[in-house]
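Residue-level structural notes
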Amino acid sequence: MRANKLCTGAIICVFFFIVSLAFHLMFIVSNRIIYYNPTDTIFHLTRIVGLENVWQSPVNFTTFAHHGTAMNLFYPWLTLYPAYWLYSLSRNLVWAYHVYCWLTTFATMLISYWAFHTLWPKRERAIVFALLYALNPYRISDIIARGALGEVIAMTFLPILLVGICQILRRDPRRWYILTIAMVLTAYTHNLSLLMNAVVILVALLVTWPRMTDRKVRLLALLKAGAASVLLCLPSLLPMAQWSRANALIIPSARRVYSTPLGQLLTATGLTDAFTNNIGLIFLVIMIMLLVFSRRLTRMDRILLGTAVLLFWTTTTLFPWSWLSWTPLIKIQFAFRLNCYISLLLAYLAAKNYPPLTQPHRPWLSWVAILAVAGLMVGTDLTMTTTAYARAANRQVVLTNKRLAYLTHYYNHHDYGNAHYRDHPSIIDKNIFKLHNRRAWPRNTITPNTYTMRIANDSTTPAVFTIPVYHYAAQRVTVNHHASRGVLNKSGTTDVLIPPGRSVVRLTYHYDRLMLASVAAALLTLAGLPVLIRRRII
């Protein structure tokens, strides 16, 4: 029996491996990345390169135009780190990016299969759910059109979130740790997705509350999951909060949530237009069919379908987002980000409720259906990709490794830079050094961990040396190998007082004691939780 299960599991893994590769192979062998403005592609590629020194410093001076932006602190990176492994092994950033996207799709299939099979141990239906969710058009458009790699990775863990919520609120609350796993993986991937998931949990609690049994037990389980998540996420959340409090920062924000007119959305969905960020024609058909046959669904499935329809409504301009402008929901910026939850719910409902295909005299029929679903999803995604490339040929930029070698070092990104930059942007944008309030040209040596400048002060008195590097409270400065101090100036960059004559100024960053303490607390929690759970202490 065990041998049969292992053999079946291996066959399913190989199947997912092949199907995921069938879509991504054209990108891997192309040795190029198609880039559209504005997208996040360059940003995430630069982040991958910038992880070179992430274990030593939150700042990499060789990336983001050498301005010392603390991307490794403010953007979670742990689940992105395998992409840097691929890059460091191959020194081929294009190949590493595409292979990582492929492995993310493969992992999404495996996790989706496990999630559905945990809730409903039906192998064929679990495979269908994995195919539908991992290859849903919105997720693919996030890869090819937006380059939103952080959101793509975060979508990998949504099936775990679904299982965790179901276990706590409807099934076995002793398995609360599944929800913790989902939230922790999301926290180390994408901050906004973490906030959205928290709202989803709250909404699920409110919806299930009237008919919830064992309320105290389930609420306690939810509190356990939340407390464990916070402890395990301390290395990501605590230093970010500390630096945000110590510095006025440029934080991505929006005054409104952008949505799409219903007519335009339906047209783009029918055409499977990758640039409109929609759920795709297949999922629109699934939603309509589920609505038509909604009477055959269970009560909970009807609630999930109603939730998916409500979320679809919120992605259109018919929904009054202005009424929610005072809530944290405004931070999602784009309503289409809710498509990830719509796709998850519709894929789950479709896999759970399609008519049974297994017949005594036709045992092969279900596998033919699975192959048909795989072919349909891969074919639709490839068609959407090639169509998107053809339609946007006049505004696409082809990225090769040679071009990326320049762009990843000189891409100027202002998020989480010092807020004073907005008042005097020229220092950063034009990379201006100043001495005696006049432009200067020092000799610079830049490594991932250090920014070293050699400058001559020709006056007989100390002078202020302005450096186009963002100033954060944790900055360390040496002048002629002696500890000094950097001062925040009106442009959000760094002023250093240097003596007469030739000087060597060096800027560095290191993780402070708070960061190390938060890592220690998270590791102790990670080591202790399995023991406490196994012994049923918590």
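Further up the page is the structure itself.
Residues numbered from 1 in each chain as written. Predicted model: local features only at pLDDT ≥ 70, side-chain atom pairs only at ≥ 80, totals over all residues. Heavy atoms only, no water.

What about the sheet that holds strand 9 (residues 482-484)?
Condition: Pairing between strands requires that DSSP locate at least two bridges from one strand to the other. By the criteria applied, helices consist of DSSP H or I runs no shorter than four residues and strands consist of E runs no shorter than two, each listed in order from the N terminus. Axis lines are fitted through C-alpha atoms, for helices just across the contact stretch, and the angle between N-to-C directions can take any value from 0 to 180 degrees.
Across the sheet, five strands lie side by side as 5-6-12-8-9; this open sheet has antiparallel pairing. Strands with a single pairing partner mark the edges of an open sheet, and in this sheet they are strand 5 (443-446) and strand 9. Each strand axis lies, on average, 25° off the axis of its neighbour in the sheet, ignoring direction. One ladder, built from three bridges, connects strand 8 (residues 476-479) with strand 9; its direction is antiparallel. Along strand 9, the bridge assignment pairs V479 with H482.

Examining the sheet that holds strand 3 (residues 433-435)
Reading across the sheet, the five strands line up as 4-3-7-11-10 and stay open at both edges, with antiparallel pairing between neighbours. Each edge of the sheet is formed by a strand with only one pairing partner; in this case those strands are strand 4 (438-440) and strand 10 (487-488).

Observations concerning the state of the cysteines
Put simply, the test is: To count as a disulfide, a pair of cysteine sulfur atoms needs to be within 2.5 Å. Between buried and exposed lies partly exposed: a residue is buried under 20% and exposed over 50% of the maximum accessible area for its type, with that area taken using a 1.4 Å probe on protein chains only.
Tallied over the entire structure, the rule returns zero disulfides. Distance from the sulfur of C13, which forms no disulfide, to the nearest cysteine sulfur (C7) is 11 Å. The class for C13 is partly exposed, based on a relative accessible area of 33%. Just so you know, C101 is unpaired, no disulfide at all, and the nearest cysteine sulfur is the one on C340, 17 Å from it. We classify C101 as buried; its relative accessible area is 3%.

Notes on the packing of aromatic side chains
The line we're drawing: Pairs were defined over the aromatic rings of Phe, Tyr and Trp, the Trp ring being its six-membered one, requiring ring centres within 6.5 Å. Orientation was assigned from the angle between planes: stacked under 30 degrees, edge-to-face over 60, tilted for the rest.
By the definition in use, this model includes 34 aromatic pairs. A centroid spacing of 5.0 Å and a plane angle of 70° characterise the contact between F17 and W102, whose relative ring orientation is edge-to-face. Linking F17 in helix 1 (residues 2-30) with W102 in helix 5 (residues 93-119), this pair joins segments that are 85 residues apart in sequence. Owing to a relative accessible area of 11%, W102 belongs among the buried residues under this scheme. Aromatic side chains F43 and Y75 sit 5.0 Å apart centroid to centroid with 65° between the ring planes, which places their arrangement in the edge-to-face category. Residue F43 is found in helix 2 (residues 41-50), and its partner Y75 is found in the loop between helix 3 (71-74) and helix 4 (81-90); the two are separated by 32 residues along the sequence.

Just distances and angles here, no functional claims.
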